[in-house]
Amino acid sequence: MEQYILSLDQGTTSSRAIVFDKKGSIVSIAQKEFKQYFPKSGWVEHDPEEIWSTQAGVAAEATVKHGLNGKNIAAIGITNQRETVVVWDRNTSKPVYNAIVWQDKRTADYCESLKEEGKGKMIREKTGLVIDSYFSASKVKWILDNVEGARERAEAGDLVLGTIDTWIIWKFTKGELHVTDVTNACRTQLFNINTMDWDDDLLQLFDIPESMLPQVKDSSEVYGNSKTTVFASKIPIAGIAGDQMAALFGQMCTKKGMVKNTYGTGCFMLMNIGDKPIISEHNLLTTVAWRIKGKTVYALEGSIFIGGAVVQWLRDGLGIIKRSRDVEPLGESVDSTEGVYFIPAFAGLGAPYWNQKAKGVIFGMTRGTTDAHIARASIESIAYQTMDILTSMQADSGLQIKELRVDGGASVNDTLMQFQADILDSVTIRPKITETTALGAAYLAGLAVGFWESEEQIGEMWQEEKRFEPEEDRSKVTEGIKGWYRAIKALEYWTTL
Ligand SMILES: Nc1ncnc2c1ncn2[C@@H]1O[C@H](COP(=O)(O)OP(=O)(O)O)[C@@H](O)[C@H]1O
Ligand SMILES: O=P(O)(O)OC[C@H](O)CO
């Protein structure tokens, strides 16, 4: 009976399931969006039961669609939106509150107070992270402090916590497994990336009982078998990774110095830095990329808040394009931006600037500026922001980047990809399969059950679709970069006035 790997990709706005064959090709996809809850300004929640029902639904749909059943599935790999956290009762499996999503800012003041108490250095050294409401720890503390009876129940050992991978596996195994992997654990802000274990000081600081924590596993191993009615047969669950780390693996960035950038709504860039964590001096995060057979690989990570979203703004805010893809011919209709720079800091500036007060600005307009120049400057802004992160990564790691692997919705834009190659002076490569997140989780699961034999074998399957070589004449590019830094400086100055 033909065998496949089923990859479950539980994202921020939708649950997806993709079936991969032995060649690493997609044979079937199913996707379902679910509801976003915004109970107050800055709060973002998901219903954990809906996360589970949509995920289970698409898992069955993707399998059946291709005429398969559970017996055709050699293993399940799971990848997920990171940091989002659920607290539930270990006896009834009922969540005590909605999942608090990574974007949720309700604990921002509490996090500020930790900074003021001078906890930043200790937390950075232990976790590789900055203090921020983005991570799970302060969210769990909020639930324990604000949901009636939660703290008592947690202290009595009745409540458990989990990132979304943990929640899905709990549901898939009917509460038999309470596990996570190192990539998800390291985004909770409770996990020490040096000792690779939960950290007592951090548990004490955030006031979270140890009994709530899942067991931390490798990213590729057989954790247990599925036990639900979704599939009649038992299927090994054999791979787990947070979505950005799964994408790094799916892009086969398995050697030190390899980098991927995902161009979605925002952009997430990760660089493989090998087997030792480097604490960033340029405001990047240090994170675990994966652990396979006990061997840990670390990554530096930088995120851009507004990436492809700038194109959505051109479409929905300015109304100068009808569909996202129209940005490309519009931007291509002029040879250059003619000195126009757009910094789309709609939600402040992320790494490496971390300027919360920054707002979007357009500099350098003349009477001759048209929608085409603005469109071109928008595309260039995505590439310039990416350059800023890569520059920091190179400085932190001492490694010179020769190629960038790309994926995500905006990576289909050839103008953007060529410009990216030009300003980085690095080859930019788009793979044949841009579903790299799901692919990474499939690879991790497939490796654990012997569906694929080795990383080397997988590396041979990985195929590029198109490569963009950098412009040889550097003069125009250098001028352009200088202008970007002037624009950034001007914006930073403006936020201090
Ligand atoms: N041709 C294009 N050029 C530039 N950006 C694009 C293009 N097509 C889609 N996008 C952008 O890609 C983003 C969607 O990418 P996707 O990977 O699906 O994002 P996410 O996973 O964050 O939802 C949108 O912000 C959209 O504006
Ligand atoms: O679900 P995505 O693709 O928006 O990814 C979310 C990230 O994991 C948040 O850190």
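Residues numbered from 1 in each chain as written. Chains lettered and ligands numbered in written order. Predicted model: local features only at pLDDT ≥ 70, side-chain atom pairs only at ≥ 80, totals over all residues.

- The chain has the name Glycerol kinase in an unreviewed UniProt entry, where Zeaxanthinibacter enoshimensis is given as its organism.
- As stated in UniProt under Catalytic activity (unreviewed entry), the record for the chain gives "glycerol + ATP = sn-glycerol 3-phosphate + ADP + H(+)".
- Comment text from UniProt for the chain, heading Pathway (unreviewed entry), reads "Polyol metabolism; glycerol degradation via glycerol kinase pathway; sn-glycerol 3-phosphate from glycerol: step 1/1." (UniProt positions renumbered as here; feature names shortened; annotations may be inferred.)

Some thoughts on the overall build of the chain
Moving on, step 1. Each helix and strand in the chain was counted, giving 16 helices and 23 strands.
Moving on, step 2. A compact globule built from 497 residues should have a C-alpha radius of gyration of about 23 Å, and the chain, at 22 Å, falls within 12% of that.
Moving on, step 3. With the C-alpha coordinates aligned to their principal axes, the bounding extent of the chain is approximately 70 × 55 × 40 Å.
Moving on, step 4. Long-range pairs, those at least 24 residues apart, make up 72% of the contacts in the chain between residues at least 6 apart in sequence. (Helix = DSSP H or I, 4+ residues; strand = E, 2+ residues; numbered from the N terminus. Rg over C-alpha atoms; globule rule 2.2 N^0.38 Å. Contact = placed C-beta atoms within 7 Å.)

What to know about the site of ligand 2
Moving on, step 1. Around ligand 2 sit Gly 11, Thr 12, Gln 81, Arg 82, Glu 83, Trp 102, Gly 242, Asp 243, Gln 244 and Gly 264, and those are all the residues in its vicinity.
Moving on, step 2. Taken together, the residues that form the shell around ligand 2 break down as 1 nonpolar, 6 polar and 3 charged. (Near = placed C-beta within 6 Å. Nonpolar A, V, L, I, M, F, W, Y, C, P; charged D, E, K, R; others polar.)

A short note on the domain arrangement of the chain
Moving on, step 1. According to the domain assignment, the chain contains domain 1 (4-244) and domain 2 (252-431 + 463-497).
Moving on, step 2. Using C-alpha coordinates to define each centre, domain 1 is positioned 28 Å away from domain 2.
Moving on, step 3. Of the residues lining the interface, 16 residues belong to domain 1; the matching set on domain 2 comes to 16 residues.
Moving on, step 4. Those elements giving two or more residues to the side of domain 1 that touches domain 2 turn out to be helix 3 (120-127) and helix 7 (182-185).
Moving on, step 5. Residues that form the side of domain 1 that touches domain 2 fall into these classes: 7 nonpolar, 6 polar and 3 charged. (Domains from an automatic or database assignment.)

Let's talk about the site of ligand 1
Moving on, step 1. The environment of ligand 1 is made up of 15 residues, and the closest members are Gly 264, Gly 308, Gly 409, Ala 410 and Asn 413.
Moving on, step 2. Per-element accounting of the shell around ligand 1 gives the leading share, 3 residues, to helix 10 (residues 309-318).
Moving on, step 3. For the shell around ligand 1, the residue count by class is 5 nonpolar, 8 polar and 2 charged.

Focus: the UniProt feature "domain: Carbohydrate kinase FGGY N-terminal" (unreviewed entry) in the chain
Moving on, step 1. Within this structure's numbering, the places UniProt gives as "domain: Carbohydrate kinase FGGY N-terminal" (unreviewed entry) are residues 4-250.
Moving on, step 2. Taken end to end, residues 4-250 has its terminal C-alpha atoms 16 Å apart, with 32% of it in helix and 27% in strand.

Thoughts on the environment of Leu 330
Moving on, step 1. Along the chain, Leu 330 turns up in helix 11 (residues 327-332).
Moving on, step 2. With 21 C-beta atoms counted inside 10 Å, the residue Leu 330 sits in the buried group.
Moving on, step 3. The spatial distance from the C-alpha of Leu 330 to the C-alpha of Arg 376 is 7.6 Å, given a sequence separation of 46 residues. (Buried ≥ 20, exposed ≤ 12 C-beta atoms within 10 Å, placed from the backbone.)

Here's the deal with the nonpolar core
Moving on, step 1. Of all hydrophobic cores here, the largest spans 149 residues; its most connected members are Leu 6 and Ile 76.
Moving on, step 2. A total of 10 residues in this core trace back to one element, the largest contributor, which is helix 12 (residues 371-397).
Moving on, step 3. Looking at which domains feed residues into this core, each of domain 1 (4-244) and domain 2 (252-431 + 463-497) gives three or more.
Moving on, step 4. Non-local contacts of Ile 76, meaning those with residues more than four positions away in its chain, are made with Leu 6, Leu 8, Ser 226, Ile 235, Ile 237, Ala 238 and Ala 445. (Core = buried A, V, L, I, M, F, W, Y, C linked by C-beta atoms within 7 Å.)

Some points on the UniProt feature "binding site: ADP" (unreviewed entry) in the chain
Moving on, step 1. On the UniProt side, "binding site: ADP" (unreviewed entry) is annotated at positions that read Thr 12, Arg 16, Thr 265, Gly 308, Gly 409 and Asn 413 here. Look at the named residues: they lie 402 residues apart in sequence, and the longest C-alpha span between them is 23.4 Å, so in the fold they stay spread out.
Moving on, step 2. Inspection of the secondary structure assignment puts Thr 12 in the loop between strand 1 (4-10) and strand 2 (14-20).
Moving on, step 3. Setting aside chain neighbours within four positions, we find Thr 12 in contact with Gln 81 and Val 101.
Moving on, step 4. Mapped onto the fold, Arg 16 is located in strand 2.
Moving on, step 5. The exposure class assigned to Arg 16 is buried, which follows from the 23 C-beta atoms found within 10 Å.
Moving on, step 6. Residue contacts for Arg 16: discarding those within four places in its chain leaves Asp 9, Gly 11, Ile 29, Gln 31, Val 58 and Ala 438.

Some details on the environment of Asp 200
Moving on, step 1. Summarising the element assignment, Asp 200 is placed in helix 8 (residues 200-205).
Moving on, step 2. For Asp 200, a count of 11 C-beta atoms within 10 Å puts it in the exposed group.
Moving on, step 3. With 10 residues separating them along the chain, Asp 200 and Leu 190 place their C-alpha atoms 8.3 Å apart.

Overview of the packing of helix 12 against helix 13 (residues 414-424)
Moving on, step 1. Viewed as axis vectors pointing N to C, helix 12 and helix 13 meet at an angle of 35 degrees, and their least axial separation amounts to 9 Å. The two elements helix 12 and helix 13 cross, and the hand of that crossing is right-handed. Contacts between helix 12 and helix 13 involve Ile 379, Glu 380, Ile 382, Ala 383, Tyr 384, Thr 386, Met 387 and Leu 390 from the former and Thr 415, Leu 416, Phe 419, Gln 420, Ile 423 and Leu 424 from the latter. (Axes fitted to C-alpha atoms, helices over the stretch in contact; angles between N-to-C directions. Left-handed = near helix turned anticlockwise from the far one by under 90°.)

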